[in-house]
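Fold and geometry: a report
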Amino acid sequence: RAKSLGGKRSEFFDQSMHTLAINRLLIENDLRLGILQQQFILHYQPIVCLASGQLVGVEALIRWQKAEKLVFPNDFIPIAEESGLIISLDLWVMAEACRTVKRWLATHPVSTMTVSINLSARLFALENLASHIQHILAETGINPQLVRLEITESMTMQDTERAIHVLKALKTMGLNLSIDDFGTGYSSLSYLHRFPADTLKIDRSFVLGLNESHESQQIVASIISLARNLNMKVIAEGTETLAHVQQLQQLQCDFAQGYYFSKPVPAQAIEHLLSSQHTYHLISPV
Ligand code: C2E
Ligand code: MG
Ligand code: MG
Ligand code: MG
């Protein structure tokens with residue numbers, strides 16, 4: 001206990017810090033146990049082509065089935081990152097997502113389908129990242145072209161040269177690459193063209209503002225034209241309403257993902273979509 005500062009305030013501060021630290025430790029312990037007991041599951045959110053309404057892929061999103069409660073990433077990913085546990089979680093996600101998409105396609109051969117997987121900064125920083133991934137690809141026997149890795153801008157900004165090198169290696173292995181939450185990080189546009197990523201995901205915050213602010217519209221339009229110039233595709237995250245869909249169509253955004261189409265759902269629900277060859281009904285832009 002820090003006595004030197006004295007007074008009630010710092011004592012209170014010490015105690016709340018103490019409580020925070022204990023909470024963290026408790027969650028970290030729970031996480032370890034959760035990993036051992038395989039309490040994690042994946043949900044998958046459809047990604048839809050805005051020209052055809054076709055389901056072109058899904059994003060795998062982790063959930064923690066903790067007793068009766070389903071815990072969402074924001075409540076445990078930060079602690080998993082800090083403790084380093086995120087590395088084993090992410091590797092599990094990758095293997096599980098690959099196995100699942102392989103199983104889907106074995107029974108429902110469709111021409112276009114990819115599974116997107118989020119990489120944490122910790123995983124991305126691993127020295128032997130490419131060989132870890134190669135191992136998972138080999139073990140699950142998946143075609144790497146069915147897999148799309150999502151990285152954020154900030155992950156590439158710490159050591160840009162290394163990031164470019166790693167991304168090139170992953171690309172050479174046949175994987176697809178997306179830049180997630182685009183527009184929110186410290187993006188250095190001067191590096192963007194050197195990343196072998198083929199897709200930008202427009203952050204939800206800009207899509208959410210599409211019908212409210214002219215500014216958001218301009219930002220979305222700029223990201224789309226930037227992507228065009230760099231020969232990249234665009235996915236709009238957080239597409240929640242028909243109005244969003246229509247605006248995005250008008251701006252010639254390629255793909256959309258969001259509650260308007262579907263929340264993230266269990267693997268079986270995606271399998272249903274595939275077996276019924278489900279197409280989303282889109283009306284042409286107003
Ligand atoms: P993200 O990669 O940007 O994923 C999109 C998030 O937006 C998901 O939240 C998804 O459920 C949510 N979302 C999708 N459409 C809508 C919409 O229309 N409206 C709103 N309000 N939200 C929408 P989720 O599943 O809670 O995941 C949050 C974040 O946690 C993800 O953001 C990603 O950064 C991280 N995450 C999720 N799964 C993994 C994982 O397996 N590994 C790692 N390292 N991070 C993960
Ligand atoms: Mg993502
Ligand atoms: Mg995102
Ligand atoms: Mg995000």
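Our subject is the structure that appears above.
Just so it is clear, the structure is predicted and the values come from calculations on it, not from any experiment.

1. Here we look at the overall build of the protein chain
Counting secondary structure elements, the protein chain contains 12 helices and 10 strands. Against the 2.2 N^0.38 benchmark of 19 Å for 286 residues, the protein chain shows a C-alpha radius of gyration of 21 Å, consistent with a compact globule. Residues classed as buried in the protein chain amount to 48% of the 286 residues present. The long-range fraction of contacts in the protein chain, counting pairs at least 24 apart against all pairs at least 6 apart in sequence, stands at 70%. Surface exposure of the protein chain reaches about 15100 Å², of which carbon and sulfur atoms provide 54%. Here the protein chain holds 23 positive side-chain charges and 27 negative ones, and the gap between their average locations is 3 Å.

2. Brief notes about the site of ligand 1
The full set close to ligand 1 counts 24 residues, and Arg63, Asp90, Asn118, Glu240 and Tyr259 are the nearest of them. Within the side chain of glutamine 45, an N or O atom sits 3.0 Å from a nitrogen atom of ligand 1. Here an oxygen atom of ligand 1 sits 2.8 Å away from a polar atom, N or O, in the side chain of arginine 63. Against a free-state accessible area of 810 Å², the protein chains account for coverage of 85% of ligand 1. The set of elements that each furnish at least two residues to the shell around ligand 1 consists of β2 (55-66), α3 (86-107) and β6 (176-182).

3. Observations regarding the coordination of the magnesium ion (ligand 2)
For the magnesium ion (ligand 2), the protein coordination sphere consists of Glu59 (OE), Asn118 (OD1), Glu150 (OE) and Asp180 (OD), at 2.0 to 2.2 Å. Mapped onto the polypeptide sequence, the residues donating to the magnesium ion (ligand 2) form the spacing pattern E-x58-N-x31-E-x29-D. Between the magnesium ion (ligand 2) and the magnesium ion (ligand 3), a separation of 3.9 Å is found, and both are coordinated by aspartate 180. Of this pair, glutamate 59 sits in strand β2 while asparagine 118 is found in strand β4 (residues 114-118), placing the two residues 59 residues apart along the sequence. By relative accessible area, glutamate 59 is classed as buried at 4%.

4. A look at the packing of aromatic side chains
Taken as a whole and assessed by the stated rule, the structure comprises 6 aromatic pairs. With centroids separated by 5.7 Å and ring planes inclined at 55°, the aromatic side chains of phenylalanine 40 and phenylalanine 76 adopt a geometry described as tilted. Linking phenylalanine 40 in strand β1 (residues 40-49) with phenylalanine 76 in the loop between β3 (69-71) and α2 (77-83), this pair joins segments that are 36 residues apart in sequence. By relative accessible area, phenylalanine 40 is classed as buried at 7%. Measuring from ring centre to ring centre gives 5.3 Å for phenylalanine 261 and tyrosine 280, while their planes differ by 80°; the resulting arrangement is edge-to-face. A residue pair is termed long-range when its members are at least 10 positions apart, and phenylalanine 261 in the loop between β9 (255-256) and β10 (265-266) and tyrosine 280 in the segment after α12 (267-275) qualify at 19 residues.

5. As for the pattern of salt bridges
Pairing between side chains of opposite charge can happen when the charged atoms of each approach one another. Scanning the model with the defined rule gives 11 salt bridges in all. The salt bridge partner of glutamate 150 is lysine 201, with a shortest N-O separation of 2.7 Å. With glutamate 150 in strand β5 (residues 147-152) and lysine 201 in strand β7 (residues 199-202), this residue pair connects regions lying 51 residues apart in the sequence. An identical accessibility class is assigned to glutamate 150 and lysine 201; each is buried. Salt bridges here are not isolated pairs; linked through shared partners, they connect Glu59, Glu150, Lys201 and Glu237.

Definitions and cut-offs
Residues numbered from 1 in each chain as written. Chains lettered and ligands numbered in written order. Predicted model: local features only at pLDDT ≥ 70, side-chain atom pairs only at ≥ 80, totals over all residues. Heavy atoms only, no water. Helix = DSSP H or I, 4+ residues; strand = E, 2+ residues; numbered from the N terminus. Rg over C-alpha atoms; globule rule 2.2 N^0.38 Å. Buried < 20%, exposed > 50% of the residue type's maximum accessible area, 1.4 Å probe, protein only. Contact = heavy atoms within 4.5 Å. Areas by Shrake-Rupley, 256 points an atom, 1.4 Å probe, with all protein chains shown as cover. Lys, Arg positive; Asp, Glu negative; His and termini not counted. Charge placed at Lys NZ, Arg CZ, Asp CG, Glu CD. Near = heavy atom within 4 Å. Polar contact = N/O pair within 3.5 Å; in protein donor to acceptor, adjacent residues only side chain to side chain. Donors = N, O, S within 2.8 Å, 3.2 Å for Na, K, Ca; no water. Phe/Tyr/Trp six-rings, centres within 6.5 Å; stacked < 30°, edge-to-face > 60°. Salt bridge = Lys/Arg side-chain N within 4 Å of Asp/Glu carboxyl O.

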